[in-house]
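Below are the chains, spelled out letter by letter.
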Amino acid sequence: MLPDILANAGGVTVSYFEWVQNQEGLMWDVDEVNARLQKIMTRSFHEMVDTMRKHHVPPRAGAMILAVGRVSESHPRTWPLSVIERCRCL
């Protein structure tokens, strides 16, 4: 089963693609959008599986560990507790 966090990321990613195209004056056809989306989502899926195996957690917790970890890396002072400890409760 695909975690909701990862499933939702597909729509968010396509919205980002639309923003990029608007900013750059580009127009990708559906095949280009799908190819880019598949590459990102496949990589994200494998990262989630690796994380859940590494930390022995269910898929949703693996996705959450990745998501919170990425936010934590970009804003280290806003996350005082470890990412793994925050996600163990999922």
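We now turn to the structure provided with this report. These numbers were taken from a predicted model, which means no experiment stands behind them. (Residues numbered from 1 in each chain as written. Predicted model: local features only at pLDDT ≥ 70, side-chain atom pairs only at ≥ 80, totals over all residues. Heavy atoms only, no water.)

**Here's the deal with helix α2 (residues 30-55)**
- In a regular helix each residue adds 1.5 Å, so 26 residues correspond to 38 Å; α2 covers 37 Å between its end C-alpha atoms and thus fits that length.
- The N-terminus of α2 is capped by D29, whose side-chain oxygen sits 3.2 Å from the backbone nitrogen of D31. (Helix = DSSP H or I, 4+ residues; strand = E, 2+ residues; numbered from the N terminus. Expected span 1.5 Å × (residues − 1). Polar contact = N/O pair within 3.5 Å; in protein donor to acceptor, adjacent residues only side chain to side chain.)

**Thoughts on helix α1 (residues 4-24)**
- Relative to the 30 Å expected for 21 residues at 1.5 Å per residue, α1 spans 30 Å between its end C-alpha atoms, a close match to the ideal helical length.
- Contacts from the buried residues of α1 go to α2. (Contact = heavy atoms within 4.5 Å.)

**Things to note about unusual backbone geometry**
- A positive phi angle is found at H56, which is not glycine, with a value near 55°.
- Position of H56 among the secondary structure elements: in the loop between α2 and α3 (59-74).

**Quick notes on the nonpolar core**
- Residues L6, F17, V20, W28, V33, L37, M41, M48, V49, A63 and L66 constitute the largest nonpolar core, which totals 11 residues.
- Contributions of two or more residues to this core are made by α1, α2 and α3. (Core = buried A, V, L, I, M, F, W, Y, C linked by side-chain atoms within 4.5 Å. Buried < 20%, exposed > 50% of the residue type's maximum accessible area, 1.4 Å probe, protein only.)

**Structural notes on the packing of α1 against α2**
- At a closest axis distance of 10 Å, the pairing of α1 and α2 adopts a crossing angle of 140°. Classed by the angle they form, the pair α1 and α2 counts as oblique. Crossing angle aside, the handedness with which α1 passes α2 is right-handed. Of the residues in α2, those in contact with L6, A9, G10, T13, V14, F17 and Q21 of α1 are V33, R36, L37, I40, M41, S44, F45 and M48. (Axes fitted to C-alpha atoms, helices over the stretch in contact; angles between N-to-C directions. Parallel < 35°, antiparallel > 145°, perpendicular 65-115°, else oblique. Left-handed = near helix turned anticlockwise from the far one by under 90°.)

**Focus on the packing of aromatic side chains**
- Enumeration according to the criterion identifies three aromatic pairs in this entry.
- Ring plane angle 50° and centroid distance 6.4 Å describe the contact between Y16 and F17, whose orientation is recorded as tilted.
- On the basis of relative accessible area, Y16 is assigned to the partly exposed category, the value being 47%.
- Ring-pair connections join several aromatic residues into one group, and the members of that group are Y16, F17, W19 and W28. (Phe/Tyr/Trp six-rings, centres within 6.5 Å; stacked < 30°, edge-to-face > 60°.)

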